[in-house]
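Chain by chain, the residues:
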Amino acid sequence: MSSFLAPEQALSTLNEYEHRDGLSVEALLDEQLSGGLTYNDFLILPGYIDFAANATSLESKITKNISLRTPFMSSPMDTVTEADMAISMALLGGIGIIHHNCSAEEQADMVRKVKKFENGFIMDPIVLSPTHTVADVKEIKETHGFCGIPITETGKMHGKLVGMVTARDIQFHMDDSSTLDSIMTKELVVAQKDITLADANRILFTSKKGKLPIVDENGCLVSLLARSDLLKNQNYPLASKKPSSKQLLVGAAIGTRPDDKERLALLAEAGLDVVVLDSSQGNSVYQIEMIKWIKENFPSVDVIAGNVVTREQAANLIAAGADGLRIGMGSGSICITQEVMACGRPQATAVYRVSEFAARFGVPTVADGGIGNVGHIVKAIALGASAVMMGGLLAGCEEAPGTYFFRDGVRLKRYRGMGSIDAMTKVNSKDGNAATKRYFSEGDTVKVAQGVVGNVVDKGSVRNYLTYLITGVQHSLQDIGTLSVEQFHKDVASGKVRFEKRTAAAQMEGGVHGLHSFEKKLYA
Ligand code: IMP
């Protein structure tokens, strides 16, 4: 007779074990035993797959009142998030937080640009007046590569549309000093505002024109549709919007000084949905007072407070009325805070401790800093974060501010910490004030850096990159055997999802090893 158990006994035998494989989240993050951990220190054990990866839902809350379809936020940094990044983040179901290293007016303009964005419609096209000249058009063609330009009486958007100038109008025109009223096309095909993108595309297609101006009831220009963009006008079913509105969601960061109240007033007027109180150590009397003031004066703007890494810090901000918390101190890729201040906490422990506490009050958390790959995103969510905030991972994208340059044959973009000397000494173009106040006090005689300036590799468009992140996270959740972010949080809390610590050797094993050389292509 065989001494083996029968195959059908496998499950019941397993159930008889006192301990399941791996550790519960509490055991993993038992500080007495293992001190502070970060993402690379552990792995999640695989579960059971009985669904397709694309069936998983990444919907998650970032504040008490705002839910996103993808749990991704871009950092309020001047080399990461301005309007273009925020638009793309929101189209893909996340949200961009516009930085405040600029004047309040400039920041409010960026918020407005996101709120006014309509997929496919160009909201701020180059516009000229009838008194501009052929030379002006030729210059635009040279610098921007196109010359289908709407002409309004004022030479600006929202002026009365009086003509269009196209490549054909100037092609054989030798006299560069001629004014545009003598050469522009005055018989125009236009569409009325509120037209759907599909209908506008149809008109553009049948009219055989290159550009379709969109006008309001008074014939004033409100936007433009370009034939060259037709193919690019994809649908964005995940786009972050309030249920009742067509507008994309957008966030912005502010400090906690008295003039930040005026800044917030301008941002709120521009349509801001969520404000992030941007401080590297958020547990301060200034922040607590600011939260209370915002809740009283702008009840419709949700407040993400922080940054925090302990429950004690979190408790103060939750009590003051924070709608969400941002977690991380010293974990950012450009950050030297832990080195200089001796303050901070390994990010996995910080995310777990704060999220577990905040969850009891229904306050969602954002894991901010140190996200370097898809696995880190999944681990941050496993530890209780509702969303992740990314700086370095997105700074190489086309939509991040700044221009590419080549070094040693590699296409790069600059990425700097907001606490770098470089960022702290930037002077605002409009009000002439020193820029970010996140990292220093006005009375300081010396600015102590908490960040560095560096370069990151070109990542192409964030719209492709985020699609990769979304798909990657979905595949990971499938391996873990959990169908949604919400379920994932529950399965971790109940002990169903199991974890394991990694030794240094295990970490080596988990990376590419033993090869002479290799190419790491992350998605296609
Ligand atoms: P990353 O995604 O690892 O590059 O980290 C981005 C995060 O680092 C931001 O969202 C901020 O919380 C934080 N951060 C930004 N600038 C600085 C700095 O100069 N020093 C320390 N932390 C910073």
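Residues numbered from 1 in each chain as written. Predicted model: local features only at pLDDT ≥ 70, side-chain atom pairs only at ≥ 80, totals over all residues. Heavy atoms only, no water.

- Under the annotation held in an unreviewed UniProt entry, the protein carries the name Inosine-5'-monophosphate dehydrogenase and is attributed to Absidia glauca.
- Under the UniProt heading Catalytic activity (unreviewed entry), the note attached to the protein is "IMP + NAD(+) + H2O = XMP + NADH + H(+)".
- Its UniProt record gives the protein a comment under Cofactor (unreviewed entry), which states: "K(+)". (UniProt positions renumbered as here; feature names shortened; annotations may be inferred.)

1. Brief notes about the overall build of the protein
Okay, so step 1: The secondary structure content of the protein amounts to 18 helices and 21 strands.
Okay, so step 2: For 524 residues, the compact-globule estimate of 2.2 N^0.38 gives 24 Å, and the protein sits close to it at 26 Å.
Okay, so step 3: Each principal axis of the C-alpha atoms in the protein carries an extent, and together these give about 100 × 70 × 50 Å.
Okay, so step 4: Taking all 524 residues of the protein together, the buried fraction comes to 50%.
Okay, so step 5: About 25500 Å² of surface is accessible on the protein, with carbon and sulfur atoms providing 52% of the total.
Okay, so step 6: Positive and negative charge centroids in the protein, built from 54 and 60 side chains respectively, lie 2 Å apart. (Helix = DSSP H or I, 4+ residues; strand = E, 2+ residues; numbered from the N terminus. Rg over C-alpha atoms; globule rule 2.2 N^0.38 Å. Buried < 20%, exposed > 50% of the residue type's maximum accessible area, 1.4 Å probe, protein only. Areas by Shrake-Rupley, 256 points an atom, 1.4 Å probe, with all protein chains shown as cover. Lys, Arg positive; Asp, Glu negative; His and termini not counted. Charge placed at Lys NZ, Arg CZ, Asp CG, Glu CD.)

2. Some points on the sheet that holds strand E6 (residues 121-122)
Okay, so step 1: One open sheet accounts for 4 strands, arranged E6-E11-E10-E9; its pairing is mixed. Each edge of the sheet is formed by a strand with only one pairing partner; in this case those strands are E6 and strand E9 (191-192).
Okay, so step 2: With 2 bridges connecting them, E9 and strand E10 (residues 211-215) associate as parallel partners. Bridged to Ala191 within E10 is Ile214.
Okay, so step 3: Contacts from helix H8 (residues 197-207) reach E6, E9, E10 and strand E11 (221-226), with the element oriented near 65° to E11. (Pairing = 2+ DSSP bridges. Contact = heavy atoms within 4.5 Å. Axes fitted to C-alpha atoms, helices over the stretch in contact; angles between N-to-C directions.)

3. Some points on a nonpolar patch on the surface
Okay, so step 1: A contiguous nonpolar surface patch, about 310 Å² in accessible area, is contributed by Val340, Met341, Val446 and Val448.
Okay, so step 2: Looking at where Val340 falls in the secondary structure, it is placed in helix H12 (residues 337-341).
Okay, so step 3: A residue is classified by how much of its surface remains accessible, and Val340, at 37% relative accessible area, is partly exposed. (Patch = residues over 30% accessible without salt bridge, like charges linked within 9 Å, V, L, I, M, F, W, Y side chains within 5 Å. Salt bridge = Lys/Arg side-chain N within 4 Å of Asp/Glu carboxyl O.)

4. Examining the pattern of salt bridges
Okay, so step 1: Overall, the coordinates contain 22 salt bridges when judged by the stated rule.
Okay, so step 2: Residues Asp124 and Lys113 are paired through a salt bridge, measuring 3.6 Å at the closest nitrogen-oxygen approach. Taken together, the residues Asp124 in the loop between E6 and helix H6 (134-144) and Lys113 in helix H5 (residues 104-116) connect sequence positions 11 residues apart.
Okay, so step 3: Its relative accessible area of 34% is what places Lys113 among the partly exposed residues.
Okay, so step 4: We note a salt bridge from Arg326 to Asp278, for which the minimum N-O separation is 2.9 Å. Of this pair, Arg326 sits in strand E15 (residues 324-327) while Asp278 sits in the loop between strand E13 (274-277) and helix H10 (285-297), and the two are 48 residues apart along the sequence.

5. Observations regarding H6
Okay, so step 1: Along H6, the residues that are buried comprise Val134, Val137 and Ile140. In an axial view of H6, the angular spread of the buried residues amounts to 120°, which keeps them on one side of the axis. Seen from the open side of H6, the exposed residues pointing more than 90 degrees away from its buried face are Glu139, Glu142 and Thr143.
Okay, so step 2: Buried residues in H6 make contact with strand E7 (149-152), strand E8 (161-165) and helix H7 (167-171). (Arc of directions from axis to C-beta.)

6. Regarding the packing of helix H4 (residues 83-91) against H5
Okay, so step 1: Close contact between H4 and H5 brings their axes to 9 Å; oriented N to C, the two are set at 35°. Considering the relative orientation of H4 and H5, their crossing is right-handed. Here Ala83, Asp84, Ala86 and Ile87 of H4 lie close against H5, whose contacting residues are Met110, Lys113 and Val114.
Okay, so step 2: Split into classes, the residues belonging to the contact of H4 with H5 amount to 5 nonpolar, no polar and 2 charged. (Left-handed = near helix turned anticlockwise from the far one by under 90°. Nonpolar A, V, L, I, M, F, W, Y, C, P; charged D, E, K, R; others polar.)

7. Some details on the side chain of His376
Okay, so step 1: Here His376 lies in helix H14 (residues 374-382).
Okay, so step 2: A residue is classified by how much of its surface remains accessible, and His376, at 9% relative accessible area, is buried.
Okay, so step 3: Beyond its immediate chain neighbours, meaning those up to four positions away, His376 contacts Tyr39, Asn40, Gly370 and Ile371.

8. Regarding the site of the ligand
Okay, so step 1: In the neighbourhood of the ligand, 25 residues make up the surrounding shell, with Ser333, Asp368, Tyr415, Gly419 and Gln450 lying closest.
Okay, so step 2: Measuring from an oxygen atom of the ligand, one finds a side-chain N or O atom of Tyr415 at 2.6 Å.
Okay, so step 3: Contacts to the ligand include Gln450, whose backbone N or O atom sits 2.7 Å from a nitrogen atom.
Okay, so step 4: Classifying every residue of the shell around the ligand gives 8 nonpolar, 14 polar and 3 charged. (Near = heavy atom within 4 Å. Polar contact = N/O pair within 3.5 Å; in protein donor to acceptor, adjacent residues only side chain to side chain.)

9. Brief notes about the sheet that holds E15
Okay, so step 1: Ordered by their spatial adjacency, 8 strands build a closed barrel running E4-E5-E12-E13-E14-E15-E16-E17, and the pairing between neighbours is parallel. Neighbouring strand axes in the sheet, compared pairwise and without regard to direction, differ in orientation by 25° on average.
Okay, so step 2: Sheet topology note: the strand E14 (residues 302-308)/E15 ladder contains 4 bridges and is parallel. Bridged to Gly306 within E15 is Arg326.

10. Details of H4
Okay, so step 1: Counting buried residues along H4, 8 of its 9 residues qualify, which places the element largely inside the surrounding structure.
Okay, so step 2: For H4, the full list of buried residues reads Ala83, Met85, Ala86, Ile87, Ser88, Met89, Ala90 and Leu91.
Okay, so step 3: Just beyond H4, the residue with positive phi is Gly93, at close to 95°.

11. What about the pairing of E7?
Okay, so step 1: Both faces of E7 are covered, namely the face carrying Ile149 and Ile151 and the face carrying Pro150 and Thr152.
Okay, so step 2: Looking at chain direction, E7 and E8 are connected through 4 bridges and run antiparallel. Counted as the bridge partner of Ile151 is Gly163 from E8.

12. Quick word on the nonpolar core
A general tendency of soluble globular proteins is for nonpolar side chains to be buried together.
Okay, so step 1: Core analysis: the biggest nonpolar cluster contains 100 residues, and Phe72, Leu325, Leu469 and Phe488 have the highest contact counts within it.
Okay, so step 2: Residues within four places of Phe72 in sequence aside, it is in contact with Met89, Gly94, Ile95, Ile377, Val388, Met390, Leu466, Leu469, Ile470 and Val473.
Okay, so step 3: In terms of nonpolar packing, the next biggest core, distinct from the first, is built from 14 residues, Met73, Ile95, Ile97 and Val274 among them. (Core = buried A, V, L, I, M, F, W, Y, C linked by side-chain atoms within 4.5 Å.)

13. Side note on the UniProt feature "domain: CBS" (unreviewed entry) in the protein
Okay, so step 1: Per the UniProt record, "domain: CBS" (unreviewed entry) is found at residues 121-182 and 184-240.
Okay, so step 2: Taken end to end, residues 121-182 is 26% helix and 18% strand, and its two terminal C-alpha atoms sit 28 Å from one another.

14. Notes on the pairing of strand E16 (residues 365-368)
Okay, so step 1: In E16, alternate side chains face the same way, and those of Thr365 and Ala367 on one face and Val366 and Asp368 on the other are all buried.
Okay, so step 2: Pairing between E15 and E16: 3 bridges, direction parallel. Across the sheet, Arg326 pairs through a bridge with Val366, a residue of E16.
Okay, so step 3: The sheet contact formed by E16 and strand E17 (residues 387-390) spans 3 bridges and is parallel. Residue Val366 lies in a different strand from E17, and its bridge partner there is Ala387.
Okay, so step 4: With H14 bridging E16 and its parallel neighbour E17, the resulting β-α-β unit is right-handed. (Right-handed = clockwise from strand over helix to strand, strands pointing away.)

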